[in-house]
There are 2 protein chains.
Amino acid sequence: MQKCFQYLMYGRYTQELGVYAKVEAARLRDGEVRDGSGLRRNTSVRSRAADLLEYEKDPCAKCQVCASRCQKFLISRVGEDWIFLILLGLLMALVSWVMDYAIAFCQEAQKWMHGGLDSNLLLQYIAWVTYPVVLITFSAGFTQILAPQAVGSGIPEMKTILRGVVLKEYLTFKTFVAKVIGLTCALGSGMPLGKEGPFVHVASLCAALLSKFMAALFGGSYMNELRNTEMLSAACAVGVGCCFAAPIGGVLFSIEVTSTFFAVRNYWRGFFAATFSAFIFRVLAVLNQEEDTITALFKTRFRLDFPFDLQELPAFAILGVACGFGGALFVYLNRLIVECMRKQKTINKFLLRKRLVYPALVTLLVSTLTFPPGLGQFMAGQLTQHESLVALFDNRTWCRQGVAEEFDYISHHHAWKHPQVNLFITLILFIIMKFWMSAVATTMPVPCGAFMPVFLIGAGFGRLVGEIMAVMFPDGIQVDGTVYPIVPGGYAVVGAAALSGAVTHTVSTAVIVFELTGQISHILPVMIAVILANAVAQALQPSLYDSIIRIKKLPYLPELGMGHHEKYNIRVEDIMVRDVRYITLNSSYRDLQEMLLTGQLRTLALVESRDSMILLGSIERLQLQSLLSQQLGRQRRLEYLRQLDTTEVDDCMSPSEVRPAQTLDDQSKIIRSIILKGLFVCFWPLFPLQISEWEEQQLDEPVEFKNCKIDPAPFQLVEQTSLHKTHTIFSLLGLDHAYVTSMGRLVGVVSLKELRKAIEGSVTVTGVKVRPPLASFRDSGNSTNVSEVTELHKLCIRHRGLSINKFAWSNINDKHMQHECKNNCRTLTFLPNHLCKFVFNFC
Amino acid sequence: MQKCFQYLMYGRYTQELGVYAKVEAARLRDGEVRDGSGLRRNTSVRSRAADLLEYEKDPCAKCQVCASRCQKFLISRVGEDWIFLILLGLLMALVSWVMDYAIAFCQEAQKWMHGGLDSNLLLQYIAWVTYPVVLITFSAGFTQILAPQAVGSGIPEMKTILRGVVLKEYLTFKTFVAKVIGLTCALGSGMPLGKEGPFVHVASLCAALLSKFMAALFGGSYMNELRNTEMLSAACAVGVGCCFAAPIGGVLFSIEVTSTFFAVRNYWRGFFAATFSAFIFRVLAVLNQEEDTITALFKTRFRLDFPFDLQELPAFAILGVACGFGGALFVYLNRLIVECMRKQKTINKFLLRKRLVYPALVTLLVSTLTFPPGLGQFMAGQLTQHESLVALFDNRTWCRQGVAEEFDYISHHHAWKHPQVNLFITLILFIIMKFWMSAVATTMPVPCGAFMPVFLIGAGFGRLVGEIMAVMFPDGIQVDGTVYPIVPGGYAVVGAAALSGAVTHTVSTAVIVFELTGQISHILPVMIAVILANAVAQALQPSLYDSIIRIKKLPYLPELGMGHHEKYNIRVEDIMVRDVRYITLNSSYRDLQEMLLTGQLRTLALVESRDSMILLGSIERLQLQSLLSQQLGRQRRLEYLRQLDTTEVDDCMSPSEVRPAQTLDDQSKIIRSIILKGLFVCFWPLFPLQISEWEEQQLDEPVEFKNCKIDPAPFQLVEQTSLHKTHTIFSLLGLDHAYVTSMGRLVGVVSLKELRKAIEGSVTVTGVKVRPPLASFRDSGNSTNVSEVTELHKLCIRHRGLSINKFAWSNINDKHMQHECKNNCRTLTFLPNHLCKFVFNFC
C-alpha cells in the first residue's frame, strides 16, 4: 500500500495500478473508508473502485461493463428519487385531505350552531362570533407555544431557505405539528385566510422530515444536502399542487415564487411529485363518495363553442390593469398595518405582552361584520370561501332576468339575492369589505396565507365587471345571426387570476385557474389580464412574499432593477469588508480559541501567513471546534495522564510481554495505575493548577490541520468584479459569502449583507428606504486605495528592469477608465490609468 | 480636473466632490465619454452623474429625486423591452400566418391536381409524386445555396447559442430568408415534417434581426448583448407559442428544450411575447373569416361531466410507458439513419456530390407509399397532418357502431373507413408507416422539425389504444346508473402528448396539448402518461435535440448524470490544459504578433511575467489586433515620417511663429515636406528596406496596454475544484473557458471541450461512445504533479521557521484524503496528507 502510494505520488501510474486497484477495492468493500458525512458516498465509491478494478484487467472491452454498471447505478438512484417523491406525494395528499375534512367539519359545525339558534338573534350572534374567536385564539396560542416559526405563510421562509440560507428551526417536527393544527383551526374558523402558502411550508416540512426519516432508515443518498434542497423545491410544488389539485400550476407557481434561477433538471421532480399528489388527493375524494370521478375543484361549465368575442378583450384588459392596482394596494395595505402596529409603541408593548388579544380582536371585528342577519346579509356573509367561489364562477348571468328567478337551483342563492338591495351593491360591498378584512386577517399571528382570499376578491371583482358588461350589452355579441350572451363567470375567472397574480407577482396563476376550473377556453383573456396586472403591480410594489421577507428581516438578495447599468460602476472593493477574520497555517490553538470565542462566522478563511495572506481555503466553524476539543479533550487528558505514569504501567500492560505468572508487585502496579487513572479522569476539575498549566501548554501548540476538513476552493472574487457579476454569481450559486482576493492574497470578504446593502443603495423599490448611492467615481479612474497602491508597488519592484522611456507620460492622466458589461456579465475594463501611472511612478 | 483626480486618487473624497461632480456631469452631458460599445451606456451614465450632482447639494433630501429618477429610468427601460417584445410578437404572428396560408395553398394545389386527374391512375400518380419532389428539391437546393445553416430544426443550434456559444452565421438575414422559404416549401409538400423546431429558429432570427435594426435606429440598450440573449430566449417561446397558438406551453417547452438554468426574471418576457404573438396569430384567422372567434387550433369536444374514470388510469399509464419506448426508438432510428449514411463511404461520397438526390429519393419513396389509390388508402394517405389530427381527436368512438354510420359529417371520413380493411389494421399501418417515414424524412437537408409528425403518430397510437379499450369495455364505465362510454379521442390526446414528450424529453407537451385542444379535462391522464414516457425515454436515449447536437458536433455541455457522486473525484487539475497561451506585461509587439498568428483563441491570458505567472486578466483577440494595428498603422507611419522631417517643417508650420512675410525659402520648405509626405504615404510599399527596419524596431517595443480593454476578473478556478462544481459554474454562467490558478499563478485553462470530454468519459449515455474514465486515484490522496510539488516547495521555504518536531511523522502516509460535495456544490476536503508531507519534507 505504502509503496503503491509512492508510485502514484510521483506520477508513475502504470506499473502497479492493477494491484493497487484491487487492494483499494477490497479496502473499500470492507467499508474502511467513511467520509465526513458517514455512509453517504459509500456505494458510489465502492462501485467505482470495482469498475476500476475490472477496467484495469482489459481496458478496452471492459468499457461495456463499466457502462452497464453506471447505468444500473443511475437507474437505482432515480428509483430512490421516485420512491421519495411518491412517498412525499402520498403523505401530502393524505395530510391535505385530512385537513380539508377537518376544516369542512369545523365550518359545518359553525353553520349548524348558527342555524340551530335562529330563534334568538343575540344567542345566534354570540354563537357566530365565539366560535371563530375560540378557534383563532387557540390556533394563535398553540402555535405560539409549540413553534412560533409556524406563523404566517411560509413561502417567504422557503424562498430564503432555497436561496441557500439555513433556517433550521423552520423545518422541525414541532413546526410541522404547529402548522398543521394551527392552520386547520384558522381555516376552520371561516376567517378570510388561505391555505396555499402554509401548504407550501407543510409540504417542505414533510420533505425535510421524510428525508431525515429515510436517512435514519436507509442512510445513503438521503444524507446529501444538495439532494435535500432539490427535494425541498419539489416539495414546494407538491404543496401548491395538492392544495388546488393543480399540478402544473403548482410547479410553475412554486418556481416563480421561490427561485431566482431554476435548474431545469429539477423540473421533472416537481411535476412527478405534484401530479402524484394531486392524483391521490382527488382519488381520496372519489373513494369518499364526494365525487363521481376526478374532476377540477371549482369546475365551470362555460360554453365551448364561443367562449368570448374579440370585442370583449378591451374589457378583460381593463380588468387586468385594475387588478394590478388592486394587488399593489393590497400589498401596501398589508405592510402598512404591520408597520403601524410596530411603530405605535403603546400598541406594540400591549400586543407583545398579550399576544392572543390581537387575533381575538380582529376575529371579533371580522365575524361581527359578516354576521349574516347583520351586515353579512349584504355581502354573502354566511358563505364559505369555497361556496362563494363556486357561486362567482357560475356560468349564468345574474343581473339579466333578475337574480331571483334563475338562482333557485344553487344552494347558495339566498346569499346573493337580497330583496331590498341591488346585486351591484352587494358585489361592491363584498369586494371592499373582503379586501380590507383579508389584509388585516393575514397579519394575525396564525398559520395562514393570503392567496385564496385574494383569489376570491378577484373573482368578485371580475363578476362585477362581467355583470356590468352584461347590463351594457344586454343582447350579447351577435355573430352570423347567432346571439352569444356575455358570460360574467368568465370575467370572474379572469379577475381571480389577475388579482392573485398581481399580489404574488406571478404569471402562473393563469395556469392554476385553468386547472381549478377544468376549462382552458378563456386562455387569452386570462393571459392578457394576468400579464397586465403583473406589469402594473410590479411597477408599484414588491410582491407580497418579498414584502413579508423585508418585514421579517429575513436574509435575502434583492433583484437588480431592470436596465440599471449604472450599477456596474460599483465593484466588489467598494462593498467588501476589509477586516476579514482568518487563521494562518502557523496559528496556535490559542488563536483558534479566541477566534471561536469572539466571532460568530460559520466559516473562517485559512491563509498561509499573516504577511503573505495567500488564501489557502476555508474551514467550517464546526471543524475548528472539533480540532480544539481534540486538542483539549478527554482522550488527550488520558494520554497526558499515561505519560505521567507511563514507564510503570506500560511494563505491565503491554500484551506482547504477557508473562505466564505475574508477580504480586506487577499486579499492584496495574491496580495502582488504574485507580490513578480513574481518579484523574473523575476528579480532573480538582487539580486546577496542573490542568491550567497543561491547558496553557496545549493551547500554545500550533494547530495541526491534517485532520481537519478544508474547503480548498472557497468562492473567490477579485476587487474589480462588478456588482452585477457578483449579484449574478451569488444568486446563481446560492452563496452567502465570497472571499475577495488580489493575486491570491486575501483582501476582503463579501457577504449577502453587504451585497444587499449595495443593491438597495442603488435600486429604488417603492416602499423600501433608499440609501444614498455608493458613490464611487471610478468612471473617471480615480478611486485608489491603499492596498492597491502597495500591490502595485510590489508589482513595480519586479518590473524595475523594464525600460520606461517609451511611455508617453503626458497623456496618461486625462483619459478615463471605462467599463461595460458585455457577453455573459463579463466586465471589460480599460486598464486603469492610475495603475499605469503608479507603475511608472515607482519605476 | 487634474487636481480633482489627484484628490480623489489619494482617498480624499470629501473636499471638492461637489465641484468635481458638476464638472463630471457637464463633461458627460457633452458626450465626451463613449465607452467601448459606442452609445450603449451613455444615458445611464448621464442620469447617474446628474443624480450625483443633485445628491451632492443636499445628501438627505435628494434621495427622493434620485429615487424618482431611478424609477423613471426603470419604467422607460421596461417600456423599451415591451416595445421590442410587441414588435417581435407582431412580426412572428404575421410570418407564421403568411406561412400557414402559403402551406395551406400548396396542399390545396396538390389535392386539386390529384382530384382533377382521377380518370387516369398513372397521371394521377405522377402528379401526386412530382409535386412534393419538386417542392422538396427546391427547398433543399434553395437552402443549400443561400444558407446551409437553415437546414434542420434549429432548436439544437438555439440551445447552443443560449448556452453562450457564438454561432453568428445562424442568426443572419440570409438564414432567415432561406429558413422561411425552405420551410414553407417543405411543409407544403405534405411530407411528414414539422414546423415547430424551425419556428423557434425563425423567431430567434426575427429577434436577432429586429435587435440589429433597432440598434441601428435607436442605439441605446439594443446594443447590449446580455439583453439580446434575454430576447433570444423570449423569442424561442414566441416561436413555439405562435406555431401552436399555445403561449404557456410555448414558454415552458422553450425553457425545457433550450435552458439548463433558467432565470425566473426572464419568465415574463416569454409569456408576454408569446401571448401577444398567439393573440395576433389567432386574430388574423378571425379577421380572415376562418374562425368565428379565438379558439384552440385542434378544438376537442369531450364531455366535461365525466371525462374519464379512475379505472381507466392503468390504460393511460401503459400508453405512457409504450410511448416512452416508442420515443426512444424514434430518436435511435433517426440517429441510426444519419450514422449509416455517413459510414457508408460510397453512399456518403455520392450524396455529397449530388446533394439534391437524397431528399428527392426520400420524397419519392414516401409519396409513392402514401399514394391514396395505392397503399395510401389503408393509412389515410390523402389527409394532411392537420386533417389527420382533427380526425384522431374526434370525440366519438370509431369502432363501436362501425365507422361508416357515424362518420358522415366529417369531411375526412372516407380516409379511415375502408370497405375491406378493419379499422385497427388501418391505424396500425398508419402508425408504423408514419413512424419510419418521419424518422427518415427529418434527416433530409431541408428546414424541418420532428415534433408535429411525432405528435401525430402519438395521437394515432393513442386512438388505437382507445379503440381497443372501447372494444374491450363496450358498455363503458357505469357510475350511479349512468353509463359513460370510453372516449378514444381522449386517449389520442394523451398519446400525442406522451410520445412528443418522450422524443423531446419535455413535460410541457402536456400543457401544449391542453392549449391545442382547448380542453384541460384530461389533465391527470396526460400528466401521468407524459411523466412515465419521459422516465422511460430518458433512461434509454438522449432527447432528439441532444442527439442532433451530438451528430452535428456542436459545442455543448452534457448534463451530469443523476447521482453520479463518483464524478466528484475528478478535479479541474485532471482535465485542464497546462500549456496556456498568455502574454506578459513586458511582452513585445512581436510576441503579440506571433501569438495572433499561431493561435485561434478568442481571449488570451495576461500574466505579470513569465516567472511569476500571476494572472492579471484576460484580453480579447480583437483588442490585441487593434493594439498591433495601432502600433504599425498609418497614423504611426505618418508620425515616423514627420519625425524624419520634423525640424524644418515645424519651423515654418508653427502658428505661433507666423511671420508677416514668408521668404521663398520657407515656402519651398513647406512644399517640399508636403510632397515628401504624400510620396511617403502613397508609395510606402516602395521603400522596403526603410519600412522593414522601422517595422522591426516597432515590433521590438514592449506593448502599451493602457489603451486596451482588459477584463480584470476573468473566471478563475483552483486546481482542486471538483468536476461537479466546474460543471455547475460553466452551465450557470454560460462560460466557455476558465483559467485555473494556484495562489494567483496561472497554471492552466479549462474550456468547454475539456469539460465535455471529462464528463463523457464518466457519464454513460446509451448511444454515445464511452471513454475510459479519467482515473485519478485521488481518493487515496496519491495524485501529485510537478507543479504542486514546486508550489509546496515555495510554501515551505517561507515556513522554514516553523517548528516541526510536534508533527506525528509516523501516521501521515496511511491516511487518505477524502472529499465530498455538500451544501451548494461546495467541496470540502481533508487537507491532503501528501501536502502535509511535502511541507515537512522540505522543511
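Preceding this paragraph is the structure being described.
It should be emphasised that the depicted structure is a prediction, and the values quoted were computed from it without experimental measurement.

**Quick look at the sheet that holds strand β5 (residues 603-607) of chain A**
Residues and elements named next belong to chain A.
Then, number 1: As summarised here, the arrangement of the 3 strands in space is β4-β5-β6, forming an open sheet in which the pairing is mixed. Looking along the sheet, the strands with just one partner apiece sit at the ends: β4 (582-584) and β6 (615-620). Across the sheet, the axes of successive neighbouring strands diverge by a mean angle of 30°, strand direction being ignored.
Then, number 2: In this structure, β4 lies alongside β5, joined through 3 bridges in parallel fashion. Across the sheet, T584 pairs through a bridge with V607, a residue of β5.
Then, number 3: Along the sheet, helix α26 (residues 621-632) contacts β4, β5 and β6; its crossing angle with β6, the most-contacted strand, is approximately 80°.

**Quick look at unusual backbone geometry**
Residue and element names in this part refer to chain B.
Then, number 1: A positive phi angle, close to 55°, is found at A245, a residue other than glycine.
Then, number 2: Turning to its location among the elements, A245 is positioned in the loop between α9 (225-244) and α10 (247-258).
Then, number 3: Positive phi, normally seen in glycine, also occurs at H505, with a value near 55°.
Then, number 4: Structurally, the position occupied by H505 is in the loop between α20 (488-504) and α21 (509-517).

**Things to note about the packing of helix α12 (residues 313-343) of chain A against helix α20 (residues 488-504) of chain A**
Residue and element names in this part refer to chain A.
Then, number 1: It is the contact of α12 with α20, at a shortest axis distance of 8 Å, that shows an interaxial angle of 40°. Where α12 crosses over α20, the handedness of that crossing is right-handed. Contact residues: α12 offers A315, F316, L319, G320, C323, G324, G326, G327, F330 and V331, while α20 offers G490, Y491, V494, G495, A498, L499, A502 and V503.
Then, number 2: Taken together, the residues of the contact of α12 with α20 break down into 12 nonpolar, 6 polar and no charged.

**Focus on the nonpolar core**
Then, number 1: Membership of the largest hydrophobic core comes to 362 residues, with the highest contact counts inside it found for L193(A) and L193(B).
Then, number 2: Look past the residues within four positions of L193(B) in its chain and what remains in contact with it is I136(B), A186(B), L187(B), Q385(B), A441(B), T442(B), M444(B), V446(B), C448(B), G449(B), M452(B) and P453(B).
Then, number 3: Core analysis: the next-biggest nonpolar cluster, separate from the first, contains 21 residues, L606(B), I614(B), Y640(B) and I710(B) among them.

**Structural notes on helix α23 (residues 544-552) of chain A**
All names here are of chain A.
Then, number 1: Along α23, the residues classified as buried are L544, Y545, S547, I548, I549 and I551.
Then, number 2: The inward-facing, buried residues of α23 contact α6 (155-162), α8 (196-218), α10 (247-258), α12 and α20.
Then, number 3: Looking one or two residues past α23, K553 carries a phi angle of roughly 55°, positive in sign.

**A short note on the packing of aromatic side chains**
Residue and element names in this part refer to chain A.
Then, number 1: This structure, assessed with the given rule, holds 26 aromatic pairs over all chains.
Then, number 2: Taking the centre distance of 5.5 Å and the plane angle of 25° together, the rings of F138 and F142 count as stacked. Here F142 and F138 lie together in helix α5 (residues 121-146), a separation of 4 residues that amounts to about one turn.
Then, number 3: Three or more aromatic residues joined by ring pairs make a cluster, and in this case those are F244, F253, F393, F451 and F455.
Then, number 4: Over the ring of F199 we find K195; its NZ or CZ atom is 5.2 Å from the centre of that ring.

Thresholds applied
Residues numbered from 1 in each chain as written. Chains lettered and ligands numbered in written order. Predicted model: local features only at pLDDT ≥ 70, side-chain atom pairs only at ≥ 80, totals over all residues. Heavy atoms only, no water. Pairing = 2+ DSSP bridges. Helix = DSSP H or I, 4+ residues; strand = E, 2+ residues; numbered from the N terminus. Axes fitted to C-alpha atoms, helices over the stretch in contact; angles between N-to-C directions. Contact = heavy atoms within 4.5 Å. Left-handed = near helix turned anticlockwise from the far one by under 90°. Nonpolar A, V, L, I, M, F, W, Y, C, P; charged D, E, K, R; others polar. Core = buried A, V, L, I, M, F, W, Y, C linked by side-chain atoms within 4.5 Å. Buried < 20%, exposed > 50% of the residue type's maximum accessible area, 1.4 Å probe, protein only. Phe/Tyr/Trp six-rings, centres within 6.5 Å; stacked < 30°, edge-to-face > 60°. Lys NZ or Arg CZ within 6 Å of the ring centre and 35° of its normal.

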